[in-house]
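This is what each chain is made of:
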Amino acid sequence: METDNRDAAFDAAWSVSDTGSELSSVQLTLTNLDTGEQMDTVSPSVSGDSASDTTRLVASGENGEGHQYEVECLASYSDGRTEIETATETESEQPAADGPIQPSADSPRYWEYNGQPITLIGGDQQDNPFQYINSDDDYDAITWLDTLASLGGNFVRNVMSDRDSVKFGTDNIYAFDRTDSGYDLTQFNTEYFDRLDTYLAEAQSREIIVSIELWDGWDLYGDRWDAHPWNPANNVTYDESTTTLETAWTDDPIQTTNPFFKTVPSLNDDSTVRQYQEAFVQRILDITLHYDNVIYLPHNERRGALEWSLYWANFLKDAAADAGREIYIGEMNDKDNHGSVQPSLSRDVFEFAEVSQHSELNGEDHFTDLAASYDELASQPMPMNAVKNYDCSDDGAAMVWRCLMAGAAAARYHRGPLGDCDWGIGLQDKAKVHLETQQLVLNAVGGAYAVQPHQEINHLIENRDGKEVYMMADPGRVYAVYFKGAGSVGLDVSDVNGNVTVEWRDIENRSWASSKTLSGEVVTLTTPQSGHWAVLVRP
């Protein structure tokens, strides 16, 4: 059971069976025991002599007053008999929020949360952390949230993925129940969705924003597709002859798009599969819509037709509207140009641009793509997110810095599980020291939304000469400069009209060097030694 600031929601897990008679109906009723008011009634579809599921019951308008509720399960059989079981639960309130995550009204290139503008930075150890709830002390998603919050981080990624069921076994589970004959796509696996619910609640309690991704082509090819419930060879709900799906699919998403990602009406129009895809997404929304800390991406690294993302973006929008909620959806394009933002600009259904694929590039090329996308979004200002920043080398640590300095609203270090590098540095020690300093810098400048990005003020840096030095500043008030390595540049501080204080931060050693006072219209900034450095320059 969980409560948001509008409704009290209860997920009732139930199971009924009687080998001597067929089920006629099952009815679940939610009653407020303090007021006697019946709040909700649901009658799931049942057949045969047994049935089980998890059903959501909602007390609309209840707002954390601590009421006690009763859930009644009434089973009726074909011979006229009935059985009743009840359970009671007391409402508990989620942390109060003054407003959901949404594009900022005052600074539309950035986000706001709880009614205040916010810059999002983060990192974690997996793409699908909800699958790792209470896994073990060293590899547990709640521990990752605690670590991130302790560093001042507030942004994570959660793909609704189960790909690691092949690699990690029971740590990853599928969304559907399995029968002796195969998976039943009409019966959801309660634990899968309970993990999601728990993860979102834990993240919200720490004021951490979760970027949810519905689909991922990397989940459904090769041995992952061979084992997956969506494969017609593995379920009892449909077979290859009644769908456009194939039982063997070896091409990865870069090579060819699995027909599973072409079921929408404007592509293959496979309504047989799509009805179960829609039910799966709706079940996700039944949980996520009760939280204010969630934003959405239809697909990770979409390389197929844009129509796929558009269909699911509109499905999300319509379902949220039916529930009285407004949600915010982005597009992660990877079809060409390392993640062009053009699809986000060309469709009203998208409210933010996801530019993670720019991190397929390194060094100055990475920054150049980020700055170009920022400039493209000038015609339709919206947040620019980078939920994945790849690379395990020294360049990987610099990537979130480049994102922030280029005007990104959100940036995260990509996964680095089990202390090893797997496309990124995640929440490894290398990432921790950078996240800590990034938060210190953001606090010092008043948030990325309070300053200008590097490309708008790069004329203030002299003698850069190809060095990786990037800046965000509100000229005359504050300048924050990041050095990827040892170097020296001139900084035009003529807007200050006086002396400036220079404070160097040794990022990797987590320490401040002694501050200095400098004078002149142009001051020289020279790193005290090698390594990654940040410097704050203020009147």
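**What about the sheet that holds strand E7 (residues 82–90)?**
For step 1, the next point in the chain: What the four strands build is an open sheet, ordered E4-E3-E6-E7; its pairing is antiparallel. On the outer flanks of this sheet lie strand E4 (38–42) and E7, each paired with one strand and no other. Sheet twist, expressed as the average angle between the axes of neighbouring strands with direction ignored, equals 15°.
For step 2, the next point in the chain: When strand E3 (residues 23–32) meets E4, the two strands line up antiparallel, connected through four bridges. Directly across from Leu-28, in E4, lies its bridge partner Val-42.

**Re the pattern of salt bridges**
For step 1, the next point in the chain: Counting across every chain of the model gives 30 salt bridges.
For step 2, the next point in the chain: Of the charged contacts in the structure, one is a salt bridge between Arg-163 and Asp-219, with a shortest N-O distance of 3.0 Å. In this pair, Arg-163 is assigned in the loop between strand E12 (155–159) and helix H2 (165–168) and Asp-219 in the loop between strand E15 (209–216) and helix H4 (222–227), connecting sequence segments 56 residues apart.
For step 3, the next point in the chain: A relative accessible area of 11% places Arg-163 in the buried class.
For step 4, the next point in the chain: Of the charged contacts in the structure, one is a salt bridge between Asp-269 and Arg-274, with a shortest N-O distance of 3.1 Å.
For step 5, the next point in the chain: For Asp-269, a relative accessible area of 43% gives the class partly exposed.

**A few points about the packing of aromatic side chains**
Two aromatic rings are characterised by how far apart their centres lie and by the angle between their planes.
For step 1, the next point in the chain: Applying the stated rule across the entire model yields 32 aromatic pairs.
For step 2, the next point in the chain: For the ring pair Tyr-238 and Tyr-276, a centre distance of 6.2 Å and an interplane angle of 45° mean the geometry is tilted. Here Tyr-238, found in the loop between H4 and helix H5 (271–288), pairs with Tyr-276, found in helix H5; they are 38 residues apart in sequence, far enough to count as distant.
For step 3, the next point in the chain: A residue is classified by how much of its surface remains accessible, and Tyr-276, at 17% relative accessible area, is buried.
For step 4, the next point in the chain: Each ring, one from Trp-312 and one from Phe-315, has its centre 5.4 Å from the other, and the planes form 65°; the classification is edge-to-face.

**A closer look at the sheet that holds strand E28 (residues 522–526)**
For step 1, the next point in the chain: The strand order across the open sheet formed by three strands is E21-E24-E28, and the pairing between neighbours is antiparallel. In this open sheet, the two edge strands, each paired with only one partner strand, are strand E21 (461–462) and E28.
For step 2, the next point in the chain: Where strand E24 (residues 488–492) meets E28, five bridges bridge the pair, whose relative direction is antiparallel. For Val-489, the partnering residue across the bridge sits in E28 and is Leu-525.

**Notes on the environment of Ser-181**
For step 1, the next point in the chain: With respect to the helices and strands, Ser-181 occurs in the loop between strand E13 (176–179) and strand E14 (182–188).
For step 2, the next point in the chain: Looking at Ser-181, the relative accessible area reads 64%, which means it is exposed.
For step 3, the next point in the chain: In this structure, the C-alpha to C-alpha distance between Ser-181 and Val-236, residues 55 residues apart in sequence, is 6.7 Å.

**Let's talk about the packing of helix H8 (residues 363–376) against helix H9 (residues 394–405)**
Axis angle and axis distance: for two packed helices, these are the angle between their axes and the distance between the axes, and together they describe the pair.
For step 1, the next point in the chain: Following both chains from N to C, one finds H8 and H9 inclined at 25°, their axes separated by 10 Å at the closest point. The angle between the axes of H8 and H9 places the two elements in the roughly parallel class. Judged by the twist between their axes, the crossing of H8 over H9 is right-handed. For the pair formed by H8 and H9, the contact residues are Gly-363, His-366, Phe-367 and Leu-370 on the first element and Asp-395, Met-399, Arg-402, Cys-403 and Met-405 on the second.

**Notes on H5**
For step 1, the next point in the chain: Across its 18 residues, H5 extends 25 Å between first and last C-alpha, which sits within 8% of the 26 Å expected from 1.5 Å per residue.
For step 2, the next point in the chain: Within the span of H5, buried status applies to Val-273, Arg-274, Tyr-276, Gln-277, Phe-280, Val-281, Arg-283, Ile-284, Leu-285, Ile-287 and Thr-288.

**Comments concerning the packing of H9 against helix H10 (residues 429–445)**
For step 1, the next point in the chain: Two elements in contact, H9 and H10, have axes whose closest approach is 10 Å; the angle formed by their N-to-C orientations is 20°. Overall, the two elements H9 and H10 adopt an arrangement that is roughly parallel. Where H9 crosses over H10, the two elements pack in a sense that is right-handed. Here Asp-394, Ala-397, Val-400, Trp-401 and Leu-404 of H9 come into contact with H10, specifically with Lys-430, His-434, Thr-437, Gln-438 and Val-441.
For step 2, the next point in the chain: Residues of the contact of H9 with H10, tallied by class, amount to five nonpolar, three polar and two charged.

**Observations regarding the side chain of Glu-213**
For step 1, the next point in the chain: Secondary-structure assignment places Glu-213 in strand E15.
For step 2, the next point in the chain: Using a relative accessible area of 0% as the deciding quantity, one classes Glu-213 as buried.
For step 3, the next point in the chain: Those residues within four positions of Glu-213 in sequence are excluded, and the remaining contacts are Arg-157, Asn-158, Val-159, Met-160, Leu-297, Asn-300, Met-332 and Val-387.

**A look at unusual backbone geometry**
For step 1, the next point in the chain: A positive phi angle is found at Asn-497, which is not glycine, with a value near 60°.
For step 2, the next point in the chain: Relative accessible area serves as the criterion here: at 70%, Asn-497 is assigned to the exposed category.
For step 3, the next point in the chain: In this structure, Arg-510 takes a positive phi of about 55° despite not being glycine.
For step 4, the next point in the chain: Mapped onto the secondary structure, Arg-510 falls in the loop between strand E25 (500–506) and strand E26 (511–512).
For step 5, the next point in the chain: Its relative accessible area of 42% is what places Arg-510 among the partly exposed residues.

**Overview of the confidence of the model for the protein chain**
For step 1, the next point in the chain: Mean pLDDT over the protein chain stands at 90; residues scoring 70 or higher make up 93%.
For step 2, the next point in the chain: For the stretch residues 1–6, pLDDT sits under 50, and the model shows 35 contacts to residues farther than four places along the chain or on other chains.

**Topic: the nonpolar core**
For step 1, the next point in the chain: Core analysis: the largest hydrophobic core is formed by 122 residues, its most contacted members being Trp-111, Trp-215, Trp-230 and Phe-280.
For step 2, the next point in the chain: The dominant element in this core, judged by the number of residues it contributes, is helix H6 (residues 306–322), at nine residues.
For step 3, the next point in the chain: Counting 21 residues, the second-largest nonpolar core is a separate cluster that includes Ile-461, Tyr-479, Val-489 and Val-502.

What counts, and where the lines are drawn
Residues numbered from 1 in each chain as written. Predicted model: local features only at pLDDT ≥ 70, side-chain atom pairs only at ≥ 80, totals over all residues. Heavy atoms only, no water. Pairing = 2+ DSSP bridges. Helix = DSSP H or I, 4+ residues; strand = E, 2+ residues; numbered from the N terminus. Axes fitted to C-alpha atoms, helices over the stretch in contact; angles between N-to-C directions. Salt bridge = Lys/Arg side-chain N within 4 Å of Asp/Glu carboxyl O. Buried < 20%, exposed > 50% of the residue type's maximum accessible area, 1.4 Å probe, protein only. Phe/Tyr/Trp six-rings, centres within 6.5 Å; stacked < 30°, edge-to-face > 60°. Parallel < 35°, antiparallel > 145°, perpendicular 65-115°, else oblique. Left-handed = near helix turned anticlockwise from the far one by under 90°. Contact = heavy atoms within 4.5 Å. Expected span 1.5 Å × (residues − 1). Nonpolar A, V, L, I, M, F, W, Y, C, P; charged D, E, K, R; others polar. pLDDT = per-residue confidence, 0-100. Core = buried A, V, L, I, M, F, W, Y, C linked by side-chain atoms within 4.5 Å.

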